[in-house]
Amino acid sequence: MIAAQRLKACTLPFLGIAGVIGLWTLLSATVSPDLPSPLRSWEESKRYILDPFFKEGEMNQGIGRLALYSLERVAKGYLLAIILGTPLGFLLGLSRGFTQAFDPLIQILRPISPLAWLPLGLILFQRSEPAALFTIAICAMWPTVINTAVGVRSINQDYVNVGRVLRLSRWQMLWKIILPATVPYLFTGYRLSLGIAWLVIVAAEMLTGAAGVGGFLWQEYNSLVYSHIILAIITIGLIGYALDRLMGLAEMRFQRA
Amino acid sequence: MNAPVSTLASPAVTVAPPTALLELRNVEKTFPGRAKPVLTQLSVSIPEGQFAAIIGCSGAGKTTLISLLAGLITPDRGEIFFAGQLLNTPGPERAVVFQNYSLLPWLTVLENVSLAVTAAAPRLSRQAVREQAEYFIDLVKLSAAIKKRPRELSAGMRQRVGIARAFAVEPQVLLLDEPFSLLDALTRFELQEQLVHICERTQKTVVMVTHDVDEALLLADRIVLMTNGPAATIGGILQVPLPRPRQHGKILEHPAYYPARDQLLSFLESGVLSLDTTRKGQKGKEDEDAKITTLSPVDVYELSRWDADAGVRAE
Ligand SMILES: Nc1ncnc2c1ncn2[C@@H]1O[C@H](COP(=O)(O)OP(=O)(O)OP(=O)(O)O)[C@@H](O)[C@H]1O
Ligand SMILES: [Mg+2]
């Protein structure tokens, strides 16, 4: 019984993937002749996968090398996002006045697309790299801000009471009670922020033409090498999934019973 | 309007300065969004060095009373005095054992207790803090679990960490909210003895909520009985007629023990503190209801009355 379920759990995902590949083949053979078939995609992409770190020019590099560029960019932007977002979240959670002053603004800024921020970044910083980081940071920041604020606001009153009975100073209260009590929320925010940072990287690289998976994707579209678009899409998906799982592990580590 | 001066002067504050260490005067507390107050017209004073037990049904407002004494919540009416001053903030001189333990889940047992020690005595060296924390953890027999986090402990163990934490700050007043409710009989006996010992040695003032009538009789100088909520108040105060030092088993032999115990149990059952337990069985319902109305908020039954009762029983 259990063995059968295990078998199902192992085989069903492959069935799903096989189904999608079938559909893909069908589409490329019928309605979209421009779409390369799975086999052709593999033939044209395998060099990028099998030799992932070769470099033959700014945009002609193995997929591993391109992914590393993107990851580095995401890491910087993401770091900026949580360095700005965490204290902002604490301020929002702790101070009613601060919330009243900034909450409407945050609600308005939050849904703005990275495609809208990037030109502003270019105007602000003149160069494309800081503009990309700015865009990643400002888009990825919000889940951290909001989760931190929610975590601070929903802190168990019992913990605060312990601190009050011990007459902890405001500073001690923050460090010894509020911050540790908020850690699980903080990590949920960090995980969601990383997901968004990775979403934004593609848009930022496409618009700035920076070397990376997103830049590669856009360049190959312009040079009509469509199979490489698929390669880039699959790479982006796999890395995004891996990042989410990694952060999920970190989050679990801090989740309490 | 006719006599502005006299209306301005608040009579409760000016009438008499409090003499007891803890004193509540006509305290009323209503939680936001509730129509009826949880506690009302509640007056009681607890002199320094006294051990007061609070008994009342579930939901009567005992935890609310402890929170008021701790300064975690403020009364809507009336005043609470601590050491002659209006009490309005919490502080480590009034340590609390919370009913739900309220341990910090991200700290180990040692860290939970150490945090309290450091907060109460910031000048203490690291080494001294650790020693003091370890001493009190040992007192509650948790030395083996010193490195564990609360989620790895049983409920009774958590309760004991809460006790160690409160004792470790060496407070003037201990506010205990059902501190032994989850312990096995043996551990409870031991901790009760420790509590008796600590109280006798350091002359602590203790307010302890309990559902256990025998525990109240073993430990308390006075037992405060709370009426059922909502709008609970003090239904009576029982002066425990048993001599000290008291010992498990020994006090059961005292002639005043069982009459006192019966009184407490019948109060918990009916919400009425009856004067005569022997006739209680035959009393009609109307009789009991009448009792409630005639009972003054604070009735103190003195030792002499108990002696008389005890005499009847001893025959
Ligand atoms: N923070 C709160 N907000 C609203 N109502 C509350 C709050 N705390 C307690 N109450 C209400 O006040 C009443 C008394 O609660 P309290 O916890 O003081 O009872 P208790 O005597 O300690 O009961 P138990 O013996 O079960 O611990 C209850 O009806 C409860 O619902
Ligand atoms: Mg309670």
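Residues numbered from 1 in each chain as written. Chains lettered and ligands numbered in written order. Predicted model: local features only at pLDDT ≥ 70, side-chain atom pairs only at ≥ 80, totals over all residues. Heavy atoms only, no water.

Turning our eyes to something else, we now look at the domain arrangement of chain A. All names here are of chain A. For chain A, the assigned domains are domain 1 (1–35) and domain 2 (37–256). When each unit is reduced to the centre of its C-alpha atoms, the spacing between domain 1 and domain 2 is 30 Å. Across the boundary between the two partners, domain 1 contributes six residues, which contact five residues of domain 2. Note on domain 1 versus domain 2: buried area summed over both sides is about 510 Å², and carbon and sulfur give 72% of it. The largest share of the area that domain 1 buries against domain 2 comes from Trp24, Asp34 and Leu35, three residues that together contribute 77% of it. On inspection of domain 1 and its partner domain 2, the count reaches zero salt bridges. Where domain 1 packs against domain 2, one counts zero residue pairs in polar contact (both at pLDDT 80 or more). When grouped by side-chain class, the residues that make up the side of domain 1 that touches domain 2 number three nonpolar, two polar and one charged. (Domains from an automatic or database assignment. Contact = heavy atoms within 4.5 Å. Buried area = accessible area lost by both parts, 1.4 Å probe. Salt bridge = Lys/Arg side-chain N within 4 Å of Asp/Glu carboxyl O. Polar contact = N/O pair within 3.5 Å; in protein donor to acceptor, adjacent residues only side chain to side chain. Nonpolar A, V, L, I, M, F, W, Y, C, P; charged D, E, K, R; others polar.)

All names here are of chain B. Within the structure, ligand 1 sits among 14 residues, and Ser58, Lys62, Thr63, Thr64 and Gln99 are positioned closest to it. In this structure, Gly59 approaches ligand 1 through a main-chain N or O atom, which is 2.8 Å from an oxygen atom. Here ligand 1 has 640 Å² of accessible area as a free molecule, and 64% of this is covered by the chains. By residue class, the composition of the shell around ligand 1 is four nonpolar, seven polar and three charged. (Near = heavy atom within 4 Å. Areas by Shrake-Rupley, 256 points an atom, 1.4 Å probe, with all protein chains shown as cover.)

A few words now on the coordination of the magnesium ion (ligand 2). All names here are of chain B. Every protein donor of the magnesium ion (ligand 2) is listed here as Thr63 (OG1) and Gln99 (OE1), and their distances to the metal cover 1.8 to 2.2 Å. Taken together, the positions of Thr63 in helix H3 (residues 62–70) and Gln99 in the loop between strand E6 (94–97) and helix H4 (109–120) put the pair 36 residues apart, joining distant regions of the chain. Residue class for Gln99 comes out partly exposed when judged on its relative accessible area of 35%. (Donors = N, O, S within 2.8 Å, 3.2 Å for Na, K, Ca; no water. Helix = DSSP H or I, 4+ residues; strand = E, 2+ residues; numbered from the N terminus. Buried < 20%, exposed > 50% of the residue type's maximum accessible area, 1.4 Å probe, protein only.)

Moving on: the interface of chain B and chain A. Counting residues at the interface gives 23 residues for chain B and 15 residues for chain A. Here chain B packs against chain A, burying approximately 1,700 Å² in sum over the two surfaces, 69% of which is carbon and sulfur. Considering only the side of chain B, the residues that lose the most area to chain A are Leu72, Trp106 and Leu115 of chain B, jointly responsible for 33% of the buried surface there. Linking chain B to chain A there are one salt bridge. Linking chain B with chain A are five residue pairs in polar contact (both at pLDDT 80 or more), by the criterion used here. Mapped onto the side of chain B that touches chain A, the elements with two or more residues apiece are E6 and H4 of chain B. Its residues assigned to classes, the side of chain B that touches chain A shows 14 nonpolar, five polar and four charged.

Let us now look at the packing of aromatic side chains. Enumeration according to the criterion identifies 12 aromatic pairs over all chains in this entry. An aromatic cluster is defined as three or more aromatic residues linked by ring pairs; in this entry it consists of Tyr48, Phe54 and Phe216 of chain A. Sitting over the face of the ring of Phe54 of chain A, Arg47 of chain A holds its NZ or CZ atom 3.8 Å from the ring centroid. One residue, Arg94 of chain B, lies across the ring of Phe82 of chain B, its end atom 4.8 Å from the ring centre. (Phe/Tyr/Trp six-rings, centres within 6.5 Å; stacked < 30°, edge-to-face > 60°. Lys NZ or Arg CZ within 6 Å of the ring centre and 35° of its normal.)

Moving on: the pattern of salt bridges. Residue and element names in this part refer to chain B. By the definition in use, this model includes 18 salt bridges over all chains. The salt bridge involving Arg77 is made with Glu28; its shortest N-O contact spans 3.5 Å. Placement of the pair is Arg77 in strand E4 (residues 77–82) and Glu28 in strand E1 (residues 22–29), with a sequence separation of 49 residues. By relative accessible area, Arg77 is classed as exposed at 52%.

Looking now at the pairing of E6 of chain B. Residues and elements named next belong to chain B. Because side chains alternate across E6, one face comprises the buried residues Arg94 and Val96, and the other comprises Ala95 and Val97, equally buried. When E6 meets strand E7 (residues 173–177), the two strands line up parallel, connected through four bridges. Directly across from Ala95, in E7, lies its bridge partner Leu174. (Pairing = 2+ DSSP bridges.)

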